[in-house]
Amino acid sequence: MNLWKDLSNGLFKENPTFRLVLGTCPTLAVTTAVFNGIGMGVAAAAVLIGSNLIISLIKKLVPNEVRIPIYIVVIATFVTMVQMLIQAFSPELDRQLGIFIPLIVVNCIILARAESFAAKNKPLNSIMDGIGMGLGFTVALVVISAVREVLGAGTFLGMQLFGTGFKPALIMILPPGGFLAYGLLIAAFNKLTSLKKS
Amino acid sequence: MRLGLILISAIFVNNFVLSRFLGICPFLGVSKKVETAIGMSLAVTFVMALASVISWMIQYFILIPLEIGYMQTIAFILVIAGLVQFVEMVIKKTSPTLYQALGVYLPLITTNCAVLGVAILNIQSNYNLIETLVHGIGGGLSFTLAIVLFAGVREKLDMAPIPKSMEGFPIAMIAASLFAIAFLGFQGLFSGLL
């Protein structure tokens, strides 16, 4: 029961993208197409699950004063592993995400979960938290990138949705569209949660 | 000439915040007041210039001779974390007033992706040491320009009547979107020259 709570926490109550507004850089940068959104979400989730597990296992061995550098090294190790896997199995995704794969290291979601959850909880709970947060991040990226890809390119996962008469609003896949779509989606998320409460 | 192009294109054409999406967290988090925005961006500019040079040296003098290029991410982030700690200590000793003003923001710079981003971009673009330094400074200045302008807008936004669900981040994002449209005007300024 408790494990389920840890899992669902990241999906709704503390959704990292819409609720905590963490990890905004990759969120805005890679959501030009649904394929990139899924790739980035899964990559970050893999790093998050791995780093949460290791940090929760070593939490008693780490001196308090140097904990942040140690956490960062653990996270960077997983990021390097994920980066090599992506390079080996999907060069296309590697080209699309580019510099934002190594930048998963400084994605604040991962360090924030290490510090506020994994360093205080048991390994199993930490894995569940990693899965929940990773899933919440992935779902949010897919939603944002779906809006941007459909409006900005007229496609979904590369499939043409409309006839040839449709003129896509190019601005949605350019940088301004990222800010616009993200801002409006947070507002919608806020509105929905406030309706649910009242 | 090439150095000038690198500088101008880092500041305007490929603005780190508004067109490359680097350093968005502090851009949204520390832009509520113009004063704090200036303090934060000065510290970031300094760290970015220093981190560019040191990470370049690590890449070409240590990682490549030893053939451990895959350690790049780990090596760079450690250097940046150490550098931020070092800058914090130096400022604390030499200028307590500046330390008071920047205090809270200094540790945050480690997780500013513009810093790690500029270090990796320098290597990817095959810049030499001087170009790396110029690119680092340009990146810092582009962050400064974006965050200080944006802080001015946000101070005004506080006074405006905004629907409840749009308060805070959503309205800030939409303001940033308008900023990005303005910076889109610089796109293609030097295409073909770099």
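Calculation notes
Residues numbered from 1 in each chain as written. Chains lettered and ligands numbered in written order. Predicted model: local features only at pLDDT ≥ 70, side-chain atom pairs only at ≥ 80, totals over all residues. Heavy atoms only, no water. Helix = DSSP H or I, 4+ residues; strand = E, 2+ residues; numbered from the N terminus. Rg over C-alpha atoms; globule rule 2.2 N^0.38 Å. Buried < 20%, exposed > 50% of the residue type's maximum accessible area, 1.4 Å probe, protein only. Contact = heavy atoms within 4.5 Å. Salt bridge = Lys/Arg side-chain N within 4 Å of Asp/Glu carboxyl O. Core = buried A, V, L, I, M, F, W, Y, C linked by side-chain atoms within 4.5 Å. Patch = residues over 30% accessible without salt bridge, like charges linked within 9 Å, V, L, I, M, F, W, Y side chains within 5 Å. Areas by Shrake-Rupley, 256 points an atom, 1.4 Å probe, with all protein chains shown as cover. Buried area = accessible area lost by both parts, 1.4 Å probe. Polar contact = N/O pair within 3.5 Å; in protein donor to acceptor, adjacent residues only side chain to side chain. Disulfide = S-S within 2.5 Å. Expected span 1.5 Å × (residues − 1). Phe/Tyr/Trp six-rings, centres within 6.5 Å; stacked < 30°, edge-to-face > 60°. Lys NZ or Arg CZ within 6 Å of the ring centre and 35° of its normal. pLDDT = per-residue confidence, 0-100.

Helices and strands together make up the secondary structure of chain A, namely eight helices and two strands. The order of α-helices and β-strands along chain A, N terminus first, is α-α-α-α-α-α-α-β-β-α. In terms of C-alpha radius of gyration, chain A reaches 18 Å, essentially the compact-globule figure of 16 Å for 198 residues. In terms of principal-axis extent, the alpha carbons of chain A reach across some 65 × 50 × 25 Å. Per-residue burial over chain A gives 52% buried out of 198 residues.

Turning our attention to the side chain of T155 of chain A. Along the chain, T155 of chain A falls in strand β1 (residues 155-156). Leaving out residues up to four positions away in the same chain, T155 of chain A has contacts with E149, V150, Q160 and L161 of chain A.

For the rest of this paragraph, the subject is the pattern of salt bridges. All names here are of chain A. Using the criterion set out here, one finds five salt bridges over all chains in the structure. Residues D129 and R113 are paired through a salt bridge, measuring 3.0 Å at the closest nitrogen-oxygen approach. One end of the pair, D129, is in helix α7 (residues 123-153); the other, R113, is in helix α6 (residues 108-118), with 16 residues separating them in the sequence. The pair formed by D129 and R113 is uniform in burial state, with each residue classed as buried. Bridged by salt links that share partners, the residues E14, R113 and D129 form one connected network.

Grouped together as the largest cluster of nonpolar side chains are 99 residues, with contacts concentrated most on F100 and F179 of chain A together with L18, F27, F76, I109 and L116 of chain B. Excluding its chain neighbours within four sequence positions, the residues that come into contact with F179 of chain A are L28 of chain A together with V17, L18, F21, I24, M173, A176, S177 and A180 of chain B.

The next point concerns a nonpolar patch on the surface. Residue and element names in this part refer to chain A. Residues F35, I38, V42, L157 and M159 make up a contiguous nonpolar surface patch of roughly 450 Å² in combined accessible area. Here the nonpolar patch gets three residues from one element, more than from any other, and that element is helix α3 (residues 34-58). Structurally, M159 is set in strand β2 (residues 159-160).

With that settled, the discussion passes to the interface of chain A and chain B. If you look at the interface, chain A gives 35 residues, while chain B gives 33 residues. For the pair chain A and chain B, the summed buried surface comes to about 3000 Å²; carbon and sulfur atoms form 85% of the total. Joining chain A to chain B, the criterion identifies two residue pairs in polar contact (both at pLDDT 80 or more). Sorting elements by how many residues they give to the side of chain A that touches chain B places helix α8 (residues 175-197) of chain A first, with eleven residues.

Now for the state of the cysteines. Any covalent bond linking the sulfur atoms of two cysteines counts as a disulfide. Overall, the coordinates contain zero disulfides over all chains when judged by the stated rule. C25 of chain B supplies the cysteine sulfur nearest to C108 of chain A, a cysteine that is in no disulfide, at a spacing of 3.2 Å. For C108 of chain A, a relative accessible area of 16% corresponds to the buried category.

It is worth spelling out helix α7 (residues 113-124) of chain B at this point. Taking 1.5 Å of rise per residue, twelve residues should cover 16 Å, and α7 of chain B covers 16 Å from first to last C-alpha, within 8% of that figure. Across the twelve residues of α7 of chain B, eleven count as buried, placing the element largely inside the fold. Every buried residue of α7 of chain B is listed here: C113, A114, V115, L116, G117, V118, A119, I120, L121, N122 and I123 of chain B. Lining the buried residues of α7 of chain B we find α2 (24-30) of chain A together with α3 (34-63), α4 (72-94) and α8 (129-157) of chain B. Two or three places before A114 of chain B, at the opening of α7 of chain B, N112 of chain B has a side-chain oxygen 2.9 Å from that residue's backbone nitrogen. Positioned one or two residues after α7 of chain B, N126 of chain B has a phi angle of 55 degrees, which is positive.

Between its first and last C-alpha atoms α7 of chain A spans 43 Å; for 31 residues at 1.5 Å apiece the expected length is 45 Å, and the two agree. G154 of chain A, located one to two residues past α7 of chain A, shows a positive phi value of around 70 degrees.

Okay, the environment of V79 of chain B next. Residue and element names in this part refer to chain B. Considering the arrangement of structural elements, one finds V79 in helix α4. The class of V79 is buried, set by a relative accessible area of 17%. Spatially, the C-alpha atoms of V79 and L66 are 18 Å apart, while their sequence positions differ by 13 residues. Residues within four places of V79 in sequence aside, it is in contact with I54 and I58.

On to the packing of aromatic side chains, then. Any two aromatic rings considered together are summarised by their centre-to-centre distance and by the angle between their planes. Throughout the structure, instances matching the rule amount to nine aromatic pairs over all chains. Aromatic pair F183 of chain B and F186 of chain B: ring centres 5.7 Å apart, planes at 55 degrees, arrangement tilted. Judged by relative accessible area, which is 9%, F183 of chain B ranks as buried. Since its relative accessible area comes to 28%, F186 of chain B is described here as partly exposed. The structure contains a cluster of three or more aromatic residues connected by ring pairs, namely F18, Y182 and F189 of chain A. R20 of chain B extends its terminal NZ or CZ atom over the ring of F16 of chain B, reaching a point 5.4 Å from the ring centre.

In this section: the environment of F166 of chain A. All names here are of chain A. Residue placement: F166 occurs in the loop between β2 and α8. Classification of F166 as partly exposed rests on a relative accessible area of 32%. The sequence separation of F166 and G130 amounts to 36 residues, and the corresponding C-alpha distance is 41 Å.

Looking now at the confidence of the model for chain A. Averaged over all residues, the pLDDT of chain A equals 87, while 99% of them reach at least 70. Mean pLDDT values over the elements of chain A span from 79, in helix α1 (residues 2-13) of chain A, up to 93, in α3 of chain A.

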